[in-house]
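Chain by chain, the residues run as shown.
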Amino acid sequence: MASLTIRNLRKSFGVVEVLKGVDLEANTGEFIALVGPSGCGKSTLLAMIAGLETVTSGEIYIGDRLVNSVQPKDRDIAMVFQSYALYPTMTVKENMAFGMESRGVPKAEQEKTIARVAALLQIEPFLKRKPGQLSGGQRQRVAMGRALVRDPALFLFDEPLSNLDAKLRVDMRTEIKKLHQRIGKTTIYVTHDQVEAMTLASRIAVMHQGEVQQFADPDTVYNRPANIFVAGFMGSPSMNFIDAEITSSGGAPAVNFPLSGGGVASLPLHNGVADRAQSKKVILGIRPEHLSRQSASNSGKQGFATMSAPVEVVEPTGAETMAVLKFGDREVVGRFSPDEAPRTGEDMPLAVDMTRACLFDPATTRLI
Ligand SMILES: Nc1ncnc2c1ncn2[C@@H]1O[C@H](COP(=O)(O)OP(=O)(O)O)[C@@H](O)[C@H]1O
Ligand SMILES: [Mg+2]
């Protein structure tokens, strides 16, 4: 097993630069997620780590070894793709043995390795079956098994769960997490699914247009997003963004924005954030779950601000209720527990957890 270090990595296809100076690292045994929208360069980055794409400039180290010009087969990497091509005419066992066979691993050792990995992935009952006789989830497990028998220095996943249905995807996500907890392999996991990234990784690299926007632990990425892109990409429903203005009356800073019906919301600010702002104009970011119905327990609470807003649409999902509220001419999504659920048409008294609010600079889109 080994660490991974990437320095100022660039990739161009012709005149198009798709990776624009990526820095990244994974400690030995760490689980890193690369997340970002389709086309941002995730697969290209992974293919460069694997040696399947050439490096335009920059460095890739596996452990202490610069691997830029090392052949893929000599990088000691195992990769699992979204479309896991298993050999259809071979049994599961033969699929798993194939790589070892071609590397000349002795039969007895092959048997031992397959038994160990099959137990780990709980695929022993399917060893004699052909891929066609397996469900999507079982096939995905076999594809992981085939990668695991190699005991590689690095494990690369490229959207391994994207082809599975929603329920299975969640189950397999848990399986992958358990697997990593047991074997602790250094893993780079590419996904466009921010929930997968949040739940699996110890650190997340959020990518956009060939650049890493933020590389940090899930808590930081979610609660202190580096910029508006990261804030909007991580979390569903997305963070609400409201054009606002900072004022201070009597030394107490507040952030103001127009309300429906002509009034102005003035929500007090904390943590010296107002002092860091370069201009009075800011973008206020509030996550849906940081709105709640005013109650005895929250309306006077330190750090909470109160306001009210008309409710346009209510969407119960069972465990929680989403609602679209009108903040001035802007629609804002709130996420409520069913016992405090909004009613359509009501002017809802809200408590806003301002300790969790984010302010962004409209000029740079960066977190203030
Ligand atoms: N072989 C290639 N030739 C030209 N452009 C490519 C090639 N591979 C990828 N690209 C382009 O590079 C960008 C990043 O692609 P990719 O790494 O597959 O993104 P992601 O995996 O994040 O969806 C896309 O705009 C894609 O069209
Ligand atoms: Mg991709």
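Notes on the structure follow.

Conventions adopted
Residues numbered from 1 in each chain as written. Chains lettered and ligands numbered in written order. Predicted model: local features only at pLDDT ≥ 70, side-chain atom pairs only at ≥ 80, totals over all residues. Heavy atoms only, no water. 1 Å grid on protein atoms, 1.4 Å probe; cavity = no way out; pocket = protein on both sides within 12 Å on 5 of 7 lines; lining within 4 Å. Points joined across faces, edges and corners; volume = space filled by probe spheres on them. Helix = DSSP H or I, 4+ residues; strand = E, 2+ residues; numbered from the N terminus. Axes fitted to C-alpha atoms, helices over the stretch in contact; angles between N-to-C directions. Parallel < 35°, antiparallel > 145°, perpendicular 65-115°, else oblique. Left-handed = near helix turned anticlockwise from the far one by under 90°. Contact = heavy atoms within 4.5 Å. Nonpolar A, V, L, I, M, F, W, Y, C, P; charged D, E, K, R; others polar. Core = buried A, V, L, I, M, F, W, Y, C linked by side-chain atoms within 4.5 Å. Buried < 20%, exposed > 50% of the residue type's maximum accessible area, 1.4 Å probe, protein only. Pairing = 2+ DSSP bridges. Salt bridge = Lys/Arg side-chain N within 4 Å of Asp/Glu carboxyl O.

Regarding empty space enclosed by the protein
Turning to step 1, where the next piece is worked out: Overall, the coordinates contain 1 cavity of 30 Å³ or more when judged by the stated rule.
Turning to step 2, where the next piece is worked out: Each pocket or cavity is described by its volume, and for the largest cavity that value is around 40 Å³.
Turning to step 3, where the next piece is worked out: Looking at the largest cavity, the residues that line it are Phe31, Phe155, Phe157, Ile176, Leu179, His180, Ile183 and Thr187.
Turning to step 4, where the next piece is worked out: For the lining of the largest cavity, the elements supplying multiple residues, two or more each, are strand E7 (154–158) and helix H5 (166–183).
Turning to step 5, where the next piece is worked out: With 4 residues, the top contributor of residues to the lining of the largest cavity is H5.

Quick notes on the packing of helix H2 (residues 92–102) against helix H3 (residues 107–121)
A pair of packed helices is characterised by two quantities: the angle between their axes and the separation of those axes.
Turning to step 1, where the next piece is worked out: As a packed pair, H2 and H3 sit with axes 10 Å apart at the nearest point and diverge in direction by 130°. Accordingly, the angle class assigned to the pair H2 and H3 is oblique. Both H2 and H3 take part in a crossing whose hand is right-handed. Contacts between H2 and H3 pair Lys93, Met96, Ala97, Met100 and Glu101 from the former with Lys107, Gln110, Glu111, Thr113, Ile114, Val117 and Ala118 from the latter.
Turning to step 2, where the next piece is worked out: Counted by class, the contact of H2 with H3 contains 6 nonpolar, 2 polar and 4 charged residues.

What about the layout of surface pockets?
Turning to step 1, where the next piece is worked out: Of the volumes computed, that of the largest pocket is approximately 630 Å³.
Turning to step 2, where the next piece is worked out: Looking at the largest pocket, it is lined by 25 residues, and the ones nearest its centre are Ile77, Ala78, Met79, Arg146 and Arg150.
Turning to step 3, where the next piece is worked out: Counting only elements with at least two residues in the lining of the largest pocket, the list comes to strand E6 (77–80), H2 and helix H4 (136–148).
Turning to step 4, where the next piece is worked out: Among the residues forming the lining of the largest pocket, the class breakdown is 17 nonpolar, 4 polar and 4 charged.

Things to note about the nonpolar core
Turning to step 1, where the next piece is worked out: Counting residues in hydrophobic clusters, the biggest one holds 44 residues, and the most contacted among them are Met96, Met144, Ile204, Val206 and Met234.
Turning to step 2, where the next piece is worked out: Those residues within four positions of valine 206 in sequence are excluded, and the remaining contacts are Val35, Glu211, Val212, Gln213, Gln214, Val221, Phe229, Val230, Phe233 and Met234.
Turning to step 3, where the next piece is worked out: Core analysis: the second largest hydrophobic core is formed by 32 residues, Val255, Leu259, Ala277 and Ile286 among them.

Quick word on the pairing of strand E1 (residues 4–13)
Turning to step 1, where the next piece is worked out: Here E1 runs beside strand E4 (residues 57–62); their pairing, made up of 5 bridges, is antiparallel. Paired with isoleucine 6 across the two strands is isoleucine 60, which belongs to E4.
Turning to step 2, where the next piece is worked out: Examined bridge by bridge, E1 and strand E2 (residues 16–26) share 8 bridges and lie antiparallel to one another. Bridge assignment links leucine 4 to a residue of E2, and that residue is alanine 26.
Turning to step 3, where the next piece is worked out: The antiparallel pairing of E1 with E2 creates a hairpin that spans 2 residues between the two strands, and glycine 14 there sits at a positive phi of about 60°.

Digging into the pattern of salt bridges
Turning to step 1, where the next piece is worked out: As enumerated under the stated definition, the model contains 15 salt bridges in all.
Turning to step 2, where the next piece is worked out: The salt bridge partner of aspartate 171 is lysine 167, with a shortest N-O separation of 3.1 Å. Taken together, the residues aspartate 171 and lysine 167, both in helix H5 and 4 residues apart, mark about one turn of the helix.
Turning to step 3, where the next piece is worked out: The residue aspartate 243 makes a salt bridge to arginine 330 at a minimum N-O spacing of 2.8 Å.

Note that every value here comes from positions in space, so none of it alone points to a role or purpose.
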